[in-house]
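Take a look at the letters that make up each chain.
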Amino acid sequence: MPKTTFQNIVRKTQFTPPENWLQIKTIDMHTGGEPLRVIVNGFPELKGNSVLEYRRYCKEHYDELRTALMFEPRGHADMYGCILLPANDSEGDFGIIFLHNEGYSTMCGHAIIAISTLAVKMKWINVKEGDNILKIDAPCGRITSYTKVVNGKVMHVRFHCVPSFVVSLDTSVEVPGLGNVTYDLAYGGAFYAYVDIAKNNFDFDLNPESYRSIISQGMEIKKAVIHTHKNIIHPFEKDLSFLYGTIFIDNTKQVSGADSRNVCVFAEGEVDRSPTGSGVSGRMAIHKKRKEIEIGQTMNIESITNSVFKASVISEVDYGIYKAVIPQVEGTAYITGMQTFIIDPDDPMKDGFILR
């Protein structure tokens, strides 16, 4: 009896690509709704002796694979990813570089929370009850994460960020369509312009219905700040000396127990679905500078999806010319899928594209 087409469909579910097609395996996750595509196998070897060197090598030699995995049709304009690498030295567990629609970021808190969760679930480490400590080398420096396990289950991850500091408070810039905008400039592994919605009397809020306005105004503010603010300079590393995004702050909350809402527009108009780990780290520096938070006190900061990060200041340190803080940020992450992406060399769209 001849097989029907449907019987063939049921029986033949595995596609075997030709040998000359690149295959890249990923595990997809989210933290507070913000995606993370973890590249676990198939990406070409990156050369270097540090995370910053790996990052430069990837940008110079394999940037088309970043766009292939982040852009459509495999991703989308707001996709985010990471590559795991050797640590900078024998004291670290592993290194990590971050990928997005514009390039390669210096720090990503939601990725640290997700990859720490994954390290436990995949048993890349010897998992124990209580805190499972990882020392992760990001482009901005070493991040220490603590994955809390109770009865074998991951409860949450908290991490200690790199020294975070304030560059300026209540700085003004003229922005097309918005007029004079007041912002704070701070660093939490990346530099952000922090803009208070109420203080600037904007006519949009930080809810999903204002998504397009948040993107357009966030990008206009970023461009204006880059043009006028000349001291976006990291005290030790030139590769970290750039403005990554705009963070809008609003005290109108949706989640019970939240202190404020945080919406970050970064890279080329991406909107973080989470409260933004590096952005929250910079906020801790701002609040400490304004004497609005003391060491050990916590703040609950929600995102555009109503997900929440718990943040605090655990210590103060001198960092170059700055009086910096070490922030702690806590959140949860989840696995959403496993993928094998293939690169057909004859596909005219193999490197990806974006429509927004």
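Quick caveat, the model's predicted, so the values are computed rather than measured. (Residues numbered from 1 in each chain as written. Predicted model: local features only at pLDDT ≥ 70, side-chain atom pairs only at ≥ 80, totals over all residues. Heavy atoms only, no water.)

Peer 1: Can you help me understand helix H7 (residues 277–289) in this one?
Peer 2: Counting along an α-helix, one turn takes 3.6 residues, and residues three or four places apart therefore face a common direction. Taking 1.5 Å per residue as the helical rise, H7 with its 13 residues ought to reach 18 Å, and the 19 Å between its terminal C-alpha atoms agrees with that figure. The first or second residue beyond H7 is Lys-291, which carries a positive phi of 60°. (Helix = DSSP H or I, 4+ residues; strand = E, 2+ residues; numbered from the N terminus. Expected span 1.5 Å × (residues − 1).)

Peer 1: Whenever I open this one, the pattern of salt bridges confuses me. Can you help?
Peer 2: It is possible for side chains bearing opposite charge to pair when their charged atoms get close. A complete count under the given rule lists 14 salt bridges for this structure. Measuring nitrogen to oxygen at the nearest pair gives 3.4 Å for the salt bridge that ties Arg-273 to Asp-78. Of the two residues, Arg-273 is situated in the loop between strand S13 (270–271) and H7 and Asp-78 in the loop between helix H3 (63–70) and strand S3 (81–85); the sequence distance between them amounts to 195 residues. Residue Arg-273 is classed as partly exposed on the basis of its relative accessible area, which comes to 22%. (Salt bridge = Lys/Arg side-chain N within 4 Å of Asp/Glu carboxyl O. Buried < 20%, exposed > 50% of the residue type's maximum accessible area, 1.4 Å probe, protein only.)

Peer 1: Whenever I open this one, the environment of Gly-141 confuses me. Can you help?
Peer 2: Structurally, Gly-141 is set in strand S6 (residues 141–150). With 106 residues separating them in the primary sequence, Gly-141 and Ile-247 have C-alpha atoms 22 Å apart. Residue contacts for Gly-141: discarding those within four places in its chain leaves Ile-136 and Val-162. (Contact = heavy atoms within 4.5 Å.)

Peer 1: Which parts of the structure should I look at to understand the domain arrangement of the protein chain?
Peer 2: Interface size is often expressed as the accessible area that is lost when the parts come together. Here the protein chain is partitioned into domain 1 (18–160 + 335–343) and domain 2 (164–329). Counting residues at the interface gives 26 residues for domain 1 and 32 residues for domain 2. In total, about 2,100 Å² of surface goes out of reach between domain 1 and domain 2, with carbon and sulfur atoms giving 51% of it. Our enumeration of links across domain 1 and domain 2 arrives at three salt bridges. Our count for the domain 1 to domain 2 interface comes out at 14 residue pairs in polar contact (both at pLDDT 80 or more). Of all the secondary-structure elements, those providing two or more residues to the side of domain 1 that touches domain 2 are helix H2 (51–61), helix H4 (109–121) and strand S7 (153–160). Among the elements that take part in the side of domain 1 that touches domain 2, S7 stands out by supplying four residues, more than any other. (Domains from an automatic or database assignment. Buried area = accessible area lost by both parts, 1.4 Å probe. Polar contact = N/O pair within 3.5 Å; in protein donor to acceptor, adjacent residues only side chain to side chain.)

Peer 1: Would you explain unusual backbone geometry in this entry?
Peer 2: Where the residue is not glycine, phi is negative for most of them; where a peptide bond is considered, it is trans in most cases. A cis amide bond links Glu-72 with the next residue in sequence, Pro-73, at an omega value of 5°. Looking at the element boundaries, Pro-73 is found in the loop between H3 and S3. With phi around 55°, Lys-123 is a residue other than glycine that occupies positive phi space. For Lys-123, the position within the fold is in the loop between H4 and strand S5 (130–138).

Peer 1: Please clarify how the pairing of strand S14 (residues 298–302) should be interpreted in this entry.
Peer 2: Consecutive side chains along a regular strand alternate between the two faces of the sheet. Across two bridges, strand S12 (residues 260–266) lies against S14 in parallel orientation. In the sheet register, Ser-260 faces S14, and the bridge partner there is Ile-301. Pairing geometry for S14 and strand S15 (residues 308–319), over five bridges, is antiparallel. Bridge assignment links Met-299 to a residue of S15, and that residue is Ala-311. (Pairing = 2+ DSSP bridges.)

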